[in-house]
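Given next are the chains, with one letter for each unit.
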Amino acid sequence: MIMRFAVAALALAAATPALATPCADEVDTLQRRLDSAGAASVTGTTPPGGTTSSNSPKALDTPPALTKSDAAVKPTAAGVEEAKKLVAQARQQDKGGDSQGCRDTILKAKEKAGALP
């Protein structure tokens, strides 16, 4: 009886979808930004499947103008491409259970992406 219960519990656990981690949520959010129309305007390319939208009610209609002090966060095509590579790396780290590594890599990716329009 106990063995049947253990087998049933194990089968249920295997059938249950994995829960999203906080880093996985950040990875997905940044991936959407890197696939957005703003990133496409920076890189001059369109991601596979077309651009996406964050559909955020807080999104601005137009990007704010950058000031001289904002030069460090100005997005570049090379920065966006590097950020995409880092997002893929962070996704693998999260899947491998390296939550701290994932967070560190996502932070680097955000810095590389800059302030996307």
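In the block above lies the structure referred to throughout.
Given the structure is predicted, the values throughout are model-derived calculations rather than measurements.

(A) Focus on the overall build of the protein. Summing up its helical and strand segments, the protein has 5 helices and 0 strands in all. For the protein, the succession of helices and strands along the chain, N to C, is α-α-α-α-α. In the protein, buried positions account for 24% of the 117 residues. Residue pairs at least 24 apart in sequence account for 69% of intrachain contacts in the protein once pairs closer than 6 positions are excluded.

(B) Just the packing of helix α2 (residues 22–34) against helix α4 (residues 77–95), in detail. Put simply, α2 and α4 touch, their axes get as near as 10 Å, and they point 155 degrees apart. In terms of orientation, α2 and α4 fall into the roughly antiparallel class. Every pair of crossing elements has a handedness; the one defined by α2 and α4 is left-handed. On α4, the residues touching C23, A24, V27, D28, L30, Q31 and L34 of α2 are V80, A83, K84, V87, A90, R91 and D94. Of the residues in the contact of α2 with α4, the class split is 9 nonpolar, 1 polar and 4 charged.

(C) Spatial organisation of the state of the cysteines. Going through the model one piece at a time under the given rule, you end up with 1 disulfide. Disulfide pairing places C23 opposite C102 at an S-S distance of 1.8 Å. The sign of the -90 degrees torsion about the S-S bond sets the C23-C102 disulfide as left-handed. Of the two residues, C23 is situated in helix α2 and C102 in helix α5 (residues 99–113); the sequence distance between them amounts to 79 residues. Using a relative accessible area of 3% as the deciding quantity, one classes C23 as buried. Residue class for C102 comes out buried when judged on its relative accessible area of 0%.

What counts, and at which threshold
- Residues numbered from 1 in each chain as written.
- Predicted model: local features only at pLDDT ≥ 70, side-chain atom pairs only at ≥ 80, totals over all residues.
- Heavy atoms only, no water.
- Helix = DSSP H or I, 4+ residues; strand = E, 2+ residues; numbered from the N terminus.
- Buried < 20%, exposed > 50% of the residue type's maximum accessible area, 1.4 Å probe, protein only.
- Contact = heavy atoms within 4.5 Å.
- Axes fitted to C-alpha atoms, helices over the stretch in contact; angles between N-to-C directions.
- Parallel < 35°, antiparallel > 145°, perpendicular 65-115°, else oblique.
- Left-handed = near helix turned anticlockwise from the far one by under 90°.
- Nonpolar A, V, L, I, M, F, W, Y, C, P; charged D, E, K, R; others polar.
- Disulfide = S-S within 2.5 Å.

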